There are 2 protein chains.
Amino acid sequence: MTTRSPYSMLSVEDALDITLAQAHTPAPVHRPLSDVRGAILAADIAAREPLPPFPASTMDGYAVIAADGPGDYPQIGEVSAGALAAFTVKPGTVAYITTGAPLPEGADAVVMIEETERLDAAADTPRIRINQQSKTGANVRQVGVDVEVGQTVLAAGERLDPAEIGLLATAGIIDVPVFPRPKVAVLSTGDELIEPGESLGPGQIRDSNRAMLLAAIRAVGGEPVDLGISGDTQEALELRVHRGLTQADILLTSGGVSMGDLDLVKPLLEHAGTVHYGRVRMKPGKPVTFATADVERGRRLVFGLPGNPVSSLVTFYLFVVPALRKMAGWQDPHLRQVKARLAQPLPLDAYRPEYHRATLTWDADQACFLAASTGIQASSRLLSMRTANALLALPQREGTMAAGELVDALLIGDL
Amino acid sequence: MTTRSPYSMLSVEDALDITLAQAHTPAPVHRPLSDVRGAILAADIAAREPLPPFPASTMDGYAVIAADGPGDYPQIGEVSAGALAAFTVKPGTVAYITTGAPLPEGADAVVMIEETERLDAAADTPRIRINQQSKTGANVRQVGVDVEVGQTVLAAGERLDPAEIGLLATAGIIDVPVFPRPKVAVLSTGDELIEPGESLGPGQIRDSNRAMLLAAIRAVGGEPVDLGISGDTQEALELRVHRGLTQADILLTSGGVSMGDLDLVKPLLEHAGTVHYGRVRMKPGKPVTFATADVERGRRLVFGLPGNPVSSLVTFYLFVVPALRKMAGWQDPHLRQVKARLAQPLPLDAYRPEYHRATLTWDADQACFLAASTGIQASSRLLSMRTANALLALPQREGTMAAGELVDALLIGDL
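Figured I'd write up the structure that's included with this text. (Residues numbered from 1 in each chain as written. Chains lettered and ligands numbered in written order. Predicted model: local features only at pLDDT ≥ 70, side-chain atom pairs only at ≥ 80, totals over all residues. Heavy atoms only, no water.)

Describing the relation of the copies chain B and chain A
Turning to step 1, where the next piece is worked out: Each copy superposes on the other: chain B lies on chain A with an RMSD of 0.0 Å after a rotation of 180° and an axial shift of 0.0 Å. In short, the pair behaves as if placed about a two-fold rotation axis.
Turning to step 2, where the next piece is worked out: A share of 100% of interface residues in chain B that are also interface residues in chain A marks the association as one of identical surfaces. (Least-squares fit on C-alpha atoms with pLDDT ≥ 70 in both. Contact = heavy atoms within 4.5 Å.)

Here's what the structure looks like:
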C-alpha cells in the first residue's frame, strides 16, 4: 500500500509508468482481412502451402530442357498462367510459356523471348530458334523459394500494414486473429461550452476539444465514441461518465480538472474508481488526472484531461496514446523519439519540463531534423499545435537553449 | 509533339514528372467537420470572433480591482464558466470566479485561490482575505489574445490533422472546404489468380496484391474501390477497366504488364487513352505503365502495376502516392526523404537504381537513422516488404555500399 496522495506532484515518467501498468491488452478477436489495417497480429501465421506452389516461369518465353542447348526446335504447345500443361516437354522440343505460368513437366528452364526467334509462325507446329544456352532452373521460380511450407510469415505482435495484409492474403488468412481496437469515449465538460456549429452567446465558447480528440483517437488507431457536452451538474456528468464506462475501454473527459468547487470530475472519479494521479510536473498539462474504474466487463481507464485545448492534446499524446497502444497490443507503446536541432533559441522553465510544440523537417544539408517552434506556447493557444508534428522535451532548468542545440523530440504526427 | 515511344526506358525522376504533370487537383467540396481528417483545406479560414470572446479568468480565485491591494474584502458574488455576472465589482469588493469564467464588470485582475483565505464562510456575505498585490490583467486572458478577429487561423493548402480540426471547431466551421479524397480503383488481372479465401488448385496462386493495394490506398488517404479479379480475356478486362474509369479518379491494374501475347492491359490502355510510359529504369518495377484516359467526368490516371507483389507496392509508393497526393491538394506531393546509415553492406545494381526495402529505426547513440535491410530483395518475395518503412534509393553502379554509409531513404510507413 502506498500512502502517496494521488494529488502529489509526479514526474511525467512516473505518471506514464503508472498509466501503462494499468493498461492491459484484452483477449484477441477475429476480424476480416479487409478490416485489420493498423491492428496488431495476435498469433503467429505459418504458411500452409509453399510460394510459389508450383515451379513458375519468371519470363515470357520458351520452356526448354537446358541440356538441349541452342538450336531449332518444334513448339509442342503453350502454357499460360492459371493453366496446367496437358503435355510433357520431351528432349528436342520446347513450349511457349508466359510469366507466372507453371513450368510444364519435362522442362527445366525458360529462355526469355528476346533470346528466341519464331521461324515459321504460320505452321501448325511452329519451329523456334533458341539462341541461348540455359542452365537448369534459369528463369524459373522454384517451389517454396519465396515462402516455404510451415515458415512463419508473420509473428504475433507485428502491426498489419499493407505489405503484411498482402502476406495474409497470400497465406489464405481472411479471418485474422488481432487485438481489438480500443474504444475511446470523449466527454467535454463545462457550462460555457456550445457545439462548434452554434452561435456564441455571452460567456460562451465553442467546444474545440471534442472534435479534436475524436479525430486524434481515429488517427492513432482507436475507435472514438462521442459522449457530447455535459453541463456542470453532478447528475448530467454522472450519467455520461456511466455511459462512457459502459461503452468504451478508455474514457476521456476534457475540462473540469483544476481546483475550483465547480470541479466535479475529480470527486466523481474518486467515487467511481481509483484516482492514481492528479498532478504532473509538466508544462502544459499539470492538472491531468488518471483513474481506473472496474465495471462488469472489465477495468476501464479514465483520463481527466485539462480543458485548455493545448493541454488536452499534449496530455492525450503523452499518456493516452501509449495506454491505447498497449491495449491495442503494441509491443513498444511509447511515442517514437528522435533528436532534432533547434531552429531558434527557446526559453526554458525552471519549475517544469516543457513539451514545446514544433514542426520537424529534414534538413538535407545537415542530414538531421530541424525543429521550428510553432510560436507562443500559451496552453489556451491552439494555434501552437497547428502543423506541429513533434513535442520537444525541454529540460526543467533556468535559462535558454541555444539555436542549433540538439533536443529530444517526441513524434506526434507525420513528418 | 514528342516522338519518344512510350516504351522507351525512362528514369524514375522523368517518369514521376510526367505522372505529376497529368495529376490535377479537382474543384473543392464541402465536407462535415467529422469527416475531414487528413484532407487538405481548400480556402483560408479567418476568425469571425476573437478568442477568447470575453476577458476570461485563467484561475480559480477572486476577481479583484488590482489597485485595492491586499486586505479583507466582502465577496459580493460569484461567477462561473458559462454564466455572466449580474453584478459589478466595485472598489473594496471581490467576487469568486472559476477558471474560464468571464471577468465581471469592474474587476481587472484575478487573485488565485491559494493566495486568499475565506474568513467567515458561514456569513451571508463572506469576507475574503487577499494576500497578494495584483497587477492589472493578472490571471486574465484578454479578448482576442489567442485569436484576433479576422486573423487567418488556417490557410488553404494545410492538412487537417487533429489540432487543425480543433481550430475549425473553435472558429465555428462545421462545413469545411476541402479537396475531395481521390477514389482509387484496383483491378487484379490474371487467370492464375484466386481470392485469398479460396483453396489453391493446380497452377493457381492467391491474389495478394488487391488486398494489399486497397489497404495502402486507405493508408495514404485515398478512397479504395475494389474491382475484383479479371481473367485474361479482352471482354472481361474491358468491362472492369470501363467500370474503374467511371467510378474512380485513378485506376490501378495489377499484373499483365510484361511482354507476352496474353498481355492485354497495354493494348487496352493504348486504345482507351494515351500511354505516357511503359518502362522505367528501376529495380523492382521496370514494366510499370502509366496512361491517361478522358471520360465524361474528366481525365483519369491509369497505372498498370507489375504483377509481382513487391514491384506492385514499390511502384505504388513511387508513382501512385505522389499523384494521389497532388490530386488531394497536397502542396508537396513527394515522398518524404531522409538520410540513413546502412546497418549492413548492400550490393548495387550496375544497370538500374534499386529501391531496397528497409526498416529505419532511430539510433539514439549516433543521433541518426539506421537502415536495416529486409533481406532477399526478389520482386516476388513480399516478405521483403514486411516491416519495411522506407525504400533506400541505391545508386545505379557496380560494387557495394559499405555498412555505415549514408543513403537516401524514402519514407513509406510510420517510423
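Resuming the write-up.
With respect to the interface of chain B and chain A
Turning to step 1, where the next piece is worked out: The partner chain A presents 78 residues to the 78 residues of chain B that form the contact.
Turning to step 2, where the next piece is worked out: Taking both sides of the interface into account, the surface hidden between chain B and chain A amounts to around 6300 Å²; carbon and sulfur atoms contribute 63%.
Turning to step 3, where the next piece is worked out: Of all residues in chain B, B:Arg206, B:Trp362 and B:Arg386 bury the most surface against chain A, accounting for 9% of the area lost on that side.
Turning to step 4, where the next piece is worked out: If you look at where chain B meets chain A, you find six salt bridges. (Buried area = accessible area lost by both parts, 1.4 Å probe. Salt bridge = Lys/Arg side-chain N within 4 Å of Asp/Glu carboxyl O.)

A closer look at helix H3 (residues 209–219) of chain A
Turning to step 1, where the next piece is worked out: H3(A) sits mainly inside the fold: nine of its 11 residues count as buried.
Turning to step 2, where the next piece is worked out: Burial in H3(A) covers these residues: A:Asn209, A:Arg210, A:Ala211, A:Met212, A:Leu213, A:Leu214, A:Ala215, A:Ala216 and A:Ile217.
Turning to step 3, where the next piece is worked out: Contact partners of the buried residues in H3(A): strand E13 (183–189), strand E16 (223–230), strand E17 (250–254), strand E20 (298–305) and helix H6 (309–327) of chain A together with helix H2 (162–170) of chain B. (Buried < 20%, exposed > 50% of the residue type's maximum accessible area, 1.4 Å probe, protein only. Helix = DSSP H or I, 4+ residues; strand = E, 2+ residues; numbered from the N terminus.)

Quick look at the pattern of salt bridges
Residue and element names in this part refer to chain A.
Turning to step 1, where the next piece is worked out: Using the criterion set out here, one finds 28 salt bridges over all chains in the structure.
Turning to step 2, where the next piece is worked out: Salt-bridge contacts for Arg210 lead to Glu195; the nearest nitrogen and oxygen are separated by 2.9 Å. Of this pair, Arg210 sits in helix H3 while Glu195 sits in the loop between strand E14 (193–194) and strand E15 (205–206), and the two are 15 residues apart along the sequence.
Turning to step 3, where the next piece is worked out: Close ionic contact of Lys283 with Asp349 constitutes a salt bridge, the shortest N to O distance being 3.0 Å. Note that Lys283 is positioned in the loop between strand E18 (274–277) and strand E19 (289–295) and Asp349 in the loop between strand E22 (346–347) and strand E23 (354–363), a separation of 66 residues in sequence.
Turning to step 4, where the next piece is worked out: In this structure Asp349 comes out as buried when scored by relative accessible area, which is 13%.

A look at the pairing of strand E22 (residues 298–305) of chain B
Residues and elements named next belong to chain B.
Turning to step 1, where the next piece is worked out: The element E22 is extensively covered by neighbouring structure, given that six of its eight residues are classed as buried.
Turning to step 2, where the next piece is worked out: Two strands pair when backbone bridges link them, and strand E18 (residues 250–254) and E22 are joined in this way by five bridges, in the parallel orientation. Across the sheet, residue Leu252 finds its bridge partner in E22, namely Phe303.
Turning to step 3, where the next piece is worked out: Note that strand E21 (residues 289–295) and E22 share seven bridges and pair antiparallel. (Pairing = 2+ DSSP bridges.)

Quick word on the side chain of B:Ser57
All names here are of chain B.
Turning to step 1, where the next piece is worked out: In this structure, Ser57 sits in strand E4 (residues 56–57).
Turning to step 2, where the next piece is worked out: Given the relative accessible area of 2%, Ser57 is considered buried.
Turning to step 3, where the next piece is worked out: Residues contacting Ser57, with those up to four places away along its chain left out, are Ile97, Thr98, Thr99, Gly100, Ala101, Val110 and Asn139.

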